[in-house]
There are 2 protein chains.
Amino acid sequence: MAGGPTVALDGFGAERGFEALAGGARMAAADGIRLRVFGPADRLGLARVDGIEVVPTAEWIGNDEDAVPAVRGKKQASVVRAARAVAEGEAEAMVSPGSTGATMAAATFGLRRLKGVRRPALAVQLPVPGRRVLFLDVGANVEVRAQHLVQFGFLGAAFSEAVLGVERPRVGLLSVGEEAGKGREGVGAAHALLGAAAGIDFIGNVEGGDLPAGAADVVVTDGFTGNVALKLMEGTAKAVTGAIRDAARSNPLAGLGGLLMRPALGGLRRELHPDTTGGAILLGLRGIAVVGHGSAGAEGIANAVRLAARCVEVDAVGRTAALLERGGATRGAPAAEPGA
Amino acid sequence: MAGGPTVALDGFGAERGFEALAGGARMAAADGIRLRVFGPADRLGLARVDGIEVVPTAEWIGNDEDAVPAVRGKKQASVVRAARAVAEGEAEAMVSPGSTGATMAAATFGLRRLKGVRRPALAVQLPVPGRRVLFLDVGANVEVRAQHLVQFGFLGAAFSEAVLGVERPRVGLLSVGEEAGKGREGVGAAHALLGAAAGIDFIGNVEGGDLPAGAADVVVTDGFTGNVALKLMEGTAKAVTGAIRDAARSNPLAGLGGLLMRPALGGLRRELHPDTTGGAILLGLRGIAVVGHGSAGAEGIANAVRLAARCVEVDAVGRTAALLERGGATRGAPAAEPGA
């Protein structure tokens, strides 16, 4: 299966260590995805794996470092080299299991923004049983203006259609009430702009409870609210399933009941597991960048690489640019791009 | 049990109708709580119930009305009269199952703010299994400044200690990272102020995932993020338990398993049910106001009244005022109260 996309993989930063990372790389390579892995060749043990090239790299950026100065200063850090590989055409997408901040900074500096995009946004597929809900921004932009929220709608709709295969994705704006005027100031203005925008199917405000219900295919919000909401959702699902597990252990009959239910619950467990969706995607750049879930095991790393490869295969970047153009979302682009 | 606190109950607005409301009133009265119910005497059927006085009221404010002008204009509306009953000493607390906005407006205008409090906040006890986590603001203030977040910390800590019985409640500030500097601008400033404040046990920033984990006893945030988070948490718990129920129905063996587990799950179901905690409490006023959960049944209405009565019994207002004073949180009060 040579001829598949090439993904640049940051070999550092996987919380579960080099073994999990190498295991994920092997699984992705077995699918026919070619990988360039930037990391310590001796620790990774990937020297003779078909489809994988290890680029020996010693420097890396940790979670505790201030991302922007670290990316500017450490030109040889693994995540910076992965971004450069995409920029220079040696790979078509990048994946990092490490620091979200460093990955965002390396990708934004290295890959540049799509025409007219002011702020790239970090998007995740929510663990909603039976649905494919895309949620953004989950942390790239702590504070946003109305125009940014509008662009998030376009970025999310393009990704939902191209990569998740949702036809005419319904776009919702996260707020505290269904009425147009509810919410913060920027939210009200974004509502008006999205309602008037061509090219996307805006369904209006959605509330917190609408996310797990799958009321919209794409939900946009600022990176503060989005980050809190994502972590809260993951934590709540974990707490509820944990409490149910505890209940099953509380007496022998309940334990037997839990055992009998287990096969039927397998699919749900998979759907709720953070490894399943492959991680967060930075949208709005001229290249693909995927941030793996910090605690991802080999399966999670493999899924992050598969997600990146899939984005390349369906030309997610090109289709996003086309939708932005069609919707006029590139008007008012920075002065550096007067043709927008 | 005469001599218990008197609660003014708004007789309109219960989504499940007058029967649910009257049923809840009866249950609370059976506990020795005295009630003044403002509603349609003929519909409520509470005429001869010991401890309940129905004050015939025909006017009310619906969910679809603009709360502030409605409360200003309709002096005889049930929720306005309930607030007036507290202000005039005919009752010691008010409860409404109706519009959150109208209840907040009626209480804020009618009961006045505690010395030094700039913005009352709406607090709820989160459905966290085995914990008593108080979360505010869940919708009273869509945008806040750092000083408001600090006051929410004091209001929440006082309530947690006085009403929920948590000793030295740990107060956390909701943000997108553990580091002090992370989050929006106001959040960083609030972090510094809370860290320096006397009288409360501030544990620093908490993230979305820390809420269901019970990492803090009191978590403060702005009303936009809080409202989204609360509804998201309720919705996620519902979606997960629903998916598990579906799994139990997917085949006969799993169904038997679910049946065997059911008794062990009863406690969890109760803990997760919105009726259990009694509703949201408006903190920072010189009186108690409880907003029942919109979809509350009789048990939920009764629990809202019980919560209000408990606040009176433990002198939640007096203890809150004392903590605010001790912590110096009343400094910088509005010019109208120069002694603060």
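Definitions and limits used
Residues numbered from 1 in each chain as written. Chains lettered and ligands numbered in written order. Predicted model: local features only at pLDDT ≥ 70, side-chain atom pairs only at ≥ 80, totals over all residues. Heavy atoms only, no water. Pairing = 2+ DSSP bridges. Helix = DSSP H or I, 4+ residues; strand = E, 2+ residues; numbered from the N terminus. Axes fitted to C-alpha atoms, helices over the stretch in contact; angles between N-to-C directions. Salt bridge = Lys/Arg side-chain N within 4 Å of Asp/Glu carboxyl O. Contact = heavy atoms within 4.5 Å. Buried area = accessible area lost by both parts, 1.4 Å probe. Polar contact = N/O pair within 3.5 Å; in protein donor to acceptor, adjacent residues only side chain to side chain. Nonpolar A, V, L, I, M, F, W, Y, C, P; charged D, E, K, R; others polar. Least-squares fit on C-alpha atoms with pLDDT ≥ 70 in both. Buried < 20%, exposed > 50% of the residue type's maximum accessible area, 1.4 Å probe, protein only. Expected span 1.5 Å × (residues − 1). Core = buried A, V, L, I, M, F, W, Y, C linked by side-chain atoms within 4.5 Å. Parallel < 35°, antiparallel > 145°, perpendicular 65-115°, else oblique. Left-handed = near helix turned anticlockwise from the far one by under 90°. Lys, Arg positive; Asp, Glu negative; His and termini not counted.

Caption draft 1: Looking closely at the sheet that holds strand 5 (residues 121-125) of chain A. Residue and element names in this part refer to chain A. Spatially, 11 strands are ordered 3-2-1-4-11-10-5-6-9-7-8 in an open sheet, and the strand pairing comes out mixed. Only two strands of the sheet have a single neighbouring strand rather than two, namely strand 3 (52-56) and strand 8 (201-206). With strand direction ignored, the average angle separating the axes of adjacent strands in the sheet is 25°. One ladder, built from 3 bridges, connects strand 5 with strand 6 (residues 134-136); its direction is antiparallel.

Caption draft 2: Representation of the pattern of salt bridges. Overall, the coordinates contain 16 salt bridges over all chains when judged by the stated rule. Here the residues in one salt-bridge network are Asp31, Glu299 and Arg306 of chain A, joined through shared partners.

Caption draft 3: Quick peek at the interface of chain A and chain B. Between chain A and chain B, the residue contacts involve 48 residues of the former and 48 residues of the latter. Contact with chain B buries surface across chain A, with Arg184, Phe224 and Leu232 of chain A losing the most and accounting together for 18% of the total. At the junction of chain A with chain B, the criterion picks out 4 salt bridges. With its nearest N and O atoms 3.1 Å apart, the salt bridge here joins aspartate 222 of chain A to arginine 184 of chain B. At the boundary of chain A with chain B, the tally comes to 6 residue pairs in polar contact (both at pLDDT 80 or more). Those elements that place two or more of their residues in the side of chain A that touches chain B are helix 7 (185-196), helix 8 (210-213), helix 9 (223-248) and helix 10 (252-272) of chain A. For the side of chain A that touches chain B, the element with the highest residue contribution is helix 9 of chain A, accounting for 19 residues. Split by residue class, the side of chain A that touches chain B holds 28 nonpolar, 14 polar and 6 charged.

Caption draft 4: Layout of the relation of the copies chain A and chain B. Rotating chain A by 180° about the axis while translating it 0.0 Å along that axis superimposes it on chain B, leaving an RMSD of 0.1 Å. What the rotation and shift describe, once combined, is the action of a two-fold rotation axis. Considering only C-alpha atoms, the part of chain A nearest the rotation axis is glycine 257 of chain A, at 1.7 Å. In this assembly the copies share their binding face: 100% of the residues contributing to the interface of chain A also contribute to that of chain B.

Caption draft 5: The pairing of strand 11 (residues 288-291) of chain B, seen in detail. Residue and element names in this part refer to chain B. Where burial is concerned, the two faces of strand 11 agree: the one with Ile288 and Val290 and the one with Ala289 and Val291 are both buried. Pairing of strand 4 (residues 93-96) with strand 11 involves 4 bridges; the strand directions are parallel. Its bridge partner being in strand 11, valine 95 is matched across the sheet by valine 290. Across 3 bridges, the pairing between strand 10 (residues 280-283) and strand 11 is antiparallel. The residue bridging isoleucine 281 from the neighbouring strand is valine 290, located in strand 11. The loop that links strand 10 with its antiparallel partner strand 11 comprises 4 residues; one of these, glycine 284, has a positive phi angle of about 110°.

Caption draft 6: Summary view of the sheet that holds strand 2 (residues 34-39) of chain B. Residue and element names in this part refer to chain B. Spatial strand order, 3-2-1-4-11-10-5-6-9-7-8: 11 strands in an open sheet with mixed pairing. With partners counted over all chains shown, the strands left at the sheet margins are strand 3 (52-56) and strand 8 (201-206), one partner each. For this sheet, the mean angle separating the axes of adjacent strands, direction not counted, is 25°. Two elements, strand 1 (residues 6-10) and strand 2, share 5 bridges in a ladder whose sense is parallel. Looking at strand 2, one finds that alanine 8 is bridged to arginine 36.

Caption draft 7: A look at helix 6 (residues 146-162) of chain A. Under the 1.5 Å per step criterion, the end-to-end length of helix 6 of chain A is 25 Å for 17 residues, consistent within 8% with the ideal 24 Å. With respect to burial, helix 6 of chain A is a largely interior element, 15 of its 17 residues being buried.

Caption draft 8: Expanded view of the nonpolar core. Counting residues in each nonpolar core, the largest one holds 223 residues, and the members touching the most others are Met94 of chain A together with Met94 of chain B. Ignoring anything within four residues of it in the chain, the contact list for methionine 94 of chain A reads Ala8, Val79, Ala82, Ala83, Val86, Thr103, Ala107, Leu111, Ile288, Ala289 and Val290 of chain A. One finds Ile244 of chain A together with Ala237, Ala243 and Ile244 of chain B within the second-largest nonpolar core, a separate group that totals 21 residues.

Caption draft 9: Local environment of the packing of helix 6 (residues 146-162) of chain B against helix 12 (residues 316-326) of chain B. All names here are of chain B. It is the contact of helix 6 with helix 12, at a shortest axis distance of 9 Å, that shows an interaxial angle of 135°. As judged from the angle between their axes, helix 6 and helix 12 are oblique. The handedness of the crossing between helix 6 and helix 12 is right-handed. Judged by residue contacts, Phe154, Leu155, Ala157, Ala158, Glu161 and Ala162 of helix 6 engage Ala316, Arg319, Thr320, Leu323 and Leu324 from helix 12. Taken together, the residues of the contact of helix 6 with helix 12 sort by class into 8 nonpolar, 1 polar and 2 charged.

Caption draft 10: Seen up close, the side chain of aspartate 137 of chain B. All names here are of chain B. Within the element layout of this structure, aspartate 137 appears in the loop between strand 6 (134-136) and helix 6. For the buried aspartate 137, no salt bridge is present, and the opposite-charge side chain at shortest range is arginine 119, 6.9 Å distant. A polar contact is formed between the side chain of aspartate 137 and the backbone nitrogen of glycine 139, at a distance of 3.2 Å. Among the polar contacts listed, one links the side chain of aspartate 137 to the backbone nitrogen of alanine 140, at a separation of 2.9 Å. Setting aside residues up to four positions removed in sequence, aspartate 137 forms contacts with Ala121, Leu122, Phe152, Thr221, Asp222, Gly223, Gly226 and Asn227.

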